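Breakdown of the fold
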Amino acid sequence: MITARKIETRAATVNVLEGGEGPDLLFLHSAGGITADNPFLQALAKSYHVYAPQLPGYGDSGDSDNIHDMLEVTLHTFDVLEKLGLNKPLLLGHSLGGMIAAEMAAIAPNDIDRMALICPAGLWLDDHPVPDIFTLLPREFPEYMFHDADAGRAMMAAGQGGNMNDPAFLIPFLVNNARQLGMAGKFLFPIPERGLKERAYRIKARTLLIWGASDKLFPAPYAHAWKDTIAGAELVIIPEAGHMVPVEKMDATLAATALKPSPSRTRGRGPGGGSAPP
Amino acid sequence: MRFTWFNLMPWPYLPDDFREKNRSVWVDIDQDLFDPEKCHEVYANYLDLLEYADQLGFDGVGINEHHQNGYGLMPSPNIMAATLARRTSKAALVVLGNSIALYNPPIRVAEEFAMLDILTGGRFVGGFPVGTSMDTNFCYGTIPGLTREKYAEAHELIIRAWTEKKPFAFNGRYTKLRHVNIWPNVLQTPHPPIHIPGGGSVETYDFCIDNTYSYSYLSFSGYLRAKALMDGYWKQVADRGVDNSPYRAGFAQTVFVAETDEEAERLYSEYAFYFYNRCLHVYPGFADAPGYRTIKTIQTGALNQYMRPTYTNMTWKDLVDGGHIIAGSPETVRQKFEDLIKSLRVGNIFLLMHVGNMPKDLCKYSTKLFAEKVMPHLQDMWPEWAEDGRFWCKPIANRAIPAPVDAALAAPATPAMVPAK
């Protein structure tokens, strides 16, 4: 059972989706946003006490003119942690959310012990330029987001179906798009890279990378680049899954997220004060 | 009335199958379609036309800024204005304008506009567009959701640079300058008049009203479709309690003049179709980066003109009847312009007279007919506002005249000037 509540940070009113029993887990959503009925979120709530704050501009969170760049959204997310009274939760971030999680771990390495990054944004490889999501038309998204584009199309249509020529549908659609991607663009436009590579050496968190084998947004070379960027990171590649791996291969993603203790990979600092996830 | 002869400077060599084989005329247009030697001649022809318009007595000659665009060959209109400054003598140079959020630091615009103001002896009108999403976001990389904040900061800096008479420090988010003190500075006081190209956002209406700038709707879809938008502007002007001088507003209109309506269709339809079908073929994914428009503007339903249905199936009659273009005999054109000017309440008209791949001589024919047989009948509309000089330039009386070239020294270009291979 996921419920919602509002908290205030300096930057914005934040709508936090929350529920479940177990160790604390902070989930940072992708540029596509998250809602309470998200099946992955509901599944996480069976094993964790999940907190999923919506970024400013997303869902029922307020807009924010105080967030301009990567540093400000990172500090804002620490403010969210503080307001929620969380101490070293497991950090789980998908795509843009993974980029923010990694930035948090680089900025405050002693405050983030464990994180799982699901196909995070934040690196750029000249030989593998990522598609420009800001130019994609709604009908083009499934091709880039899913291993099975047809199934993805059906999934997206459930939330987005409507007649683009009808202002009653189009205007709210454009408003939603402008709020969400207007905010996400501050970190992802025109190139989704904000210098993390230069700061990643500071990261101490035990890091798990989860990747869909047929991710067409951030293809396989990005998975390996991330593994090379964060010392000691483990990489789990999930077959027959695209960028939306948490919804396409929910069970496999959940299993990977468990971050089972792996002494051989522990880097001497230990997992810190947080309770161990199952 | 102020009539500005405006040239977008389109590339006239887009192939017949351009639409079918290319996804966009803008942003990622195919480099193979460009030919610099042909562009050399295209530029020369377009500058000839602008200079011709000056000779015929148009109030202004106008140019604008676009990037990576097959219908606008002017990444830097200031360069075109600089060359026009020497070979025109009467018309205002209307640079509409510089996308001020794209210049780093934006005092570059303050400096270059000041230079143009001085070069022309105050024959200069400037413009500050936010810029289309194609130019501003996709070609120049400005973050959509921060574009307007960056624009506002650049605007503040430029106006202060023009009007404050002592060096000052400017601590902005996007620009930090310890010593702002542009030199040379503007000739007109307090600064050249500014026109703002807009597309229906309420914030832009207020920005124009607050700063006494003229609001210009630069649409390609014609005056009949502009009515609702301009009514919105005039309602805001009324609500704000300021005067309703028609010079607070400008409008761009595509126009073709011939001896008869039939001749207009025969002479010009090919070029109109070229423009509407090929030049406006913009990939919809480039039209409106999310965050570029404010929520308030989206909620008014003012959608980007590049997201509208295409013109592919339109006939000449459709273009004329829909008001996308005004075309016909001088009398037909005069009547329609009278209707346009009154219904939109505009004092500044930007005449799109060179269209698409139109040949130079044909454009001169249309231009001359407009200047001689249409314009004189329209010039005295809004007599009650004839003295309103707030939105137009104020040239100095004694302007320098370029010395004639010395015929003896100006030897014709000979093969000897071509470097040996």
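Per-chain numbering applies: the sequence of each chain, read as written, is numbered from 1 onward. Ligands are numbered from 1 and chains lettered from A, in the order in which they are written. Totals for whole chains, interfaces and linings use every residue, but because this is a predicted model, local features are given only for residues with pLDDT of at least 70 and side-chain atom pairs only at 80 or more, for both listing and counting.

In DSSP terms, a helix is any run of H or I states spanning at least four residues, a strand is any run of E spanning at least two, and both are numbered starting from the N terminus. If you tally the helices and strands in chain B, you get 13 helices and eleven strands. By the compact-globule yardstick of 22 Å for 421 residues, chain B fits well, its C-alpha radius of gyration being 21 Å. Considering only C-alpha atoms, chain B reaches an extent of 60 × 60 × 50 Å along its principal axes. Burial status across chain B gives 48% buried among its 421 residues. In chain B, once contacts between residues fewer than 6 apart in sequence are set aside, the share between residues at least 24 apart is 79%. With the radius of gyration taken over C-alpha atoms, the globule rule is written as 2.2 Å times the number of residues to the power 0.38. Each residue is classified by how many other C-beta atoms fall within 10 Å of its C-beta atom, where C-beta atoms are placed from the backbone; a count of 20 or more means buried, 12 or fewer means exposed, and values in between mean partly exposed. Throughout, a pair of residues is in contact if the C-beta atoms placed from their backbones lie within 7 Å.

Here we come to the overall build of chain A. Summing up its helical and strand segments, chain A has ten helices and eight strands in all. Its C-alpha radius of gyration of 18 Å places chain A within 12% of the 19 Å reference for a compact globule of 278 residues. For the C-alpha atoms alone, the extent of chain A along its principal axes is close to 60 × 40 × 35 Å. Counting across all 278 residues of chain A, residues that qualify as buried make up 47%.

Residue and element names in this part refer to chain A. A pair of strands is treated as paired once DSSP finds two or more bridges between them. Read from one edge of the open sheet, eight strands run β1-β2-β4-β3-β5-β6-β7-β8, paired in mixed fashion. The sheet terminates laterally at β1 (3-8) and β8 (234-238), the two strands that pair on one side only. Sheet twist, expressed as the mean angle between neighbouring strand axes with direction ignored, is 20 degrees. Between the N-to-C directions of two axes lies an angle of 0 to 180 degrees, each axis being a line fitted to C-alpha atoms and, for a helix, fitted only over the stretch in contact. The strands touched by helix α3 (residues 96-107) are β3 (24-28), β5 (90-94) and β6 (114-118); relative to β5, the strand with the most contacts, the crossing angle is about 140 degrees. Where helix α10 (residues 250-257) meets the sheet, its contacts fall on β5, β6, β7 (206-212) and β8, and the angle it forms with β8 comes to roughly 170 degrees.

The interface of chain A with chain B comprises 19 residues on the first partner and 17 residues on the second. Within the side of chain A that touches chain B, the residues separate by chemical class into twelve nonpolar, five polar and two charged. Charged means Asp, Glu, Lys or Arg here, nonpolar means Ala, Val, Leu, Ile, Met, Phe, Trp, Tyr, Cys or Pro, and polar covers whatever is left, Gly included.

For our purposes the nonpolar core covers buried Ala, Val, Leu, Ile, Met, Phe, Trp, Tyr and Cys residues that link as a set through C-beta atoms within 7 Å. Among the nonpolar cores identified, the biggest contains 198 residues, and Phe27 of chain A together with Leu93, Phe251 and Val255 of chain B are the most heavily contacted of them. Apart from the residues lying within four places of it in its own chain, the contact partners of Phe251 of chain B are Tyr217, Tyr223, Ala226, Leu340, Leu344, Val346, Ile349 and Phe350 of chain B.

Our next topic: unusual backbone geometry. For the bond from Asn104 of chain B to Pro105 of chain B, the omega torsion is -5 degrees, close enough to zero to count as cis. Assignment of secondary structure puts Pro105 of chain B in the loop between β3 (92-95) and α4 (107-119). Within the chain, Glu240 of chain A stands out as a residue other than glycine whose phi angle is a positive 50 degrees. Structurally, Glu240 of chain A is set in the loop between β8 and α9 (245-248). A count of 13 C-beta atoms within 10 Å places Glu240 of chain A in the partly exposed class. The phi torsion at Arg345 of chain B lies on the positive side, around 55 degrees, for a residue other than glycine. Mapped onto the secondary structure, Arg345 of chain B falls in the loop between α12 (330-344) and β11 (348-352).

All right, on to the pairing of β6 of chain A then. Note on strand geometry: in a regular strand, side chains alternate between the two faces of the sheet. All names here are of chain A. Counting buried positions along β6 gives five out of five residues, so the element sits mostly inside the fold. Pairing between β5 and β6: four bridges, direction parallel. Its bridge partner lying in β6, Leu91 is registered against Met115. Every crossover in which the path from the first strand over the helix to the second runs clockwise, viewed with the strands pointing away from the viewer, is termed right-handed. Crossover connection from β5 via α3 to parallel β6: handedness right-handed. Of the pairings in the sheet, the one linking β6 to β7 comprises five bridges and is parallel in character. When the sheet's bridge partners are listed, Ala116 is paired in β7 with Leu208.

Let us look at the confidence of the model for chain A. For chain A, per-residue confidence averages 90 on the pLDDT scale, and residues scoring 70 or more make up 91% of the total. This stretch, residues 260-278 of chain A, has a pLDDT under 50; its non-local contacts, to residues over four places away or in other chains, come to 28 contacts. What pLDDT reports is the predictor's confidence in each residue, on a scale of 0 through 100.

With that out of the way, let us pick up helix α3 (residues 77-87) of chain B. Residues and elements named next belong to chain B. Taken together, the buried positions of α3 are Pro77, Asn78, Met80, Ala81, Leu84 and Ala85. Looking straight down α3, one finds its buried side chains confined to an arc of 150 degrees; they lie on one side. Structurally, α3 contributes buried residues whose contacts are with α2 (36-56), β2 (60-63), β3 and α4. To obtain the arc, one takes the directions from the helix axis to the C-beta atoms.

In this section: the environment of Asn398 of chain B. The topology assignment puts Asn398 of chain B in the segment after α13 (360-378). Here the alpha-carbon distance between Asn398 of chain B and Gly62 of chain B, two residues 336 residues apart in the chain, equals 23 Å.

This next bit is on the packing of helix α2 (residues 70-84) of chain A against α3 of chain A. Packed helix pairs are characterised by how far apart their axes lie and by the angle those axes make with each other. All names here are of chain A. α3 packs onto α2 with a crossing angle of 85 degrees between their chain directions and a minimal axis gap of 9 Å. Relative to α3, α2 is oriented roughly perpendicular. Packed against α2, whose contacting residues are Met70, Val73, Thr74, Thr77 and Phe78, the element α3 presents Ile100, Glu103, Met104 and Ile107 at the interface. When its residues are assigned to classes, the contact of α2 with α3 shows six nonpolar, two polar and one charged. Reported orientations rely on four angle classes, namely roughly parallel under 35 degrees, roughly antiparallel over 145, roughly perpendicular from 65 to 115, and oblique for the rest.

The next thing to look at is the pairing of β3 of chain A. Residues and elements named next belong to chain A. A large share of β3 lies buried, amounting to five of its five residues. The two faces of β3 match: Asp24, Leu26 and Leu28 on one face and Leu25 and Phe27 on the other face are all buried. Of the strand pairs in this sheet, β3 and strand β4 (residues 49-53) are connected by three bridges, and their pairing is parallel. If you follow Leu26 over to β4, its bridge partner there is Tyr51. In the classification by handedness, the crossover that spans β3, the intervening helix α1 (residues 39-44) and the parallel β4 is right-handed. The pairing of β3 with β5 spans four bridges and is classified as parallel. Opposite Leu26, over in β5, you have Leu91 as the bridge partner.

Attention now moves to the environment of Ala408 of chain B. Considering the arrangement of structural elements, one finds Ala408 of chain B in the segment after α13. C-alpha separation for the pair Ala408 of chain B and Asp28 of chain B, spaced 380 residues apart in sequence, amounts to 47 Å.

Another point: the packing of helix α7 (residues 202-211) of chain B against helix α8 (residues 223-239) of chain B. All names here are of chain B. One can describe the packing of α7 onto α8 by two numbers: an axis separation of 10 Å at closest approach and a directional angle of 50 degrees. Here α8 runs oblique to α7, going by the angle between their axes. Judged by the sense of rotation from one axis to the other, the crossing of α7 with α8 is right-handed. Residue-level contacts link Val202, Tyr205, Asp206 and Ile209 of α7 to Tyr233, Gln236 and Val237 of α8. Per-class residue counts for the contact of α7 with α8 are five nonpolar, one polar and one charged. Handedness of a helix crossing follows the sense of rotation of the near helix relative to the far helix, less than a right angle counterclockwise being left-handed and clockwise being right-handed.

A few words on the confidence of the model for chain B. Averaged over all residues, the pLDDT of chain B equals 94, while 95% of them reach at least 70. Both scores are given for the predicted complex: the pTM is 0.93, the ipTM 0.91.

Right, let's talk about α10 of chain A for a bit. Residues and elements named next belong to chain A. Here α10 has its buried residues at Thr253, Ala256 and Thr257. In an axial view of α10, the angular spread of the buried residues amounts to 100 degrees, which keeps them on one side of the axis. Along its buried surface, α10 packs onto β5, β6, β7, β8 and α9.

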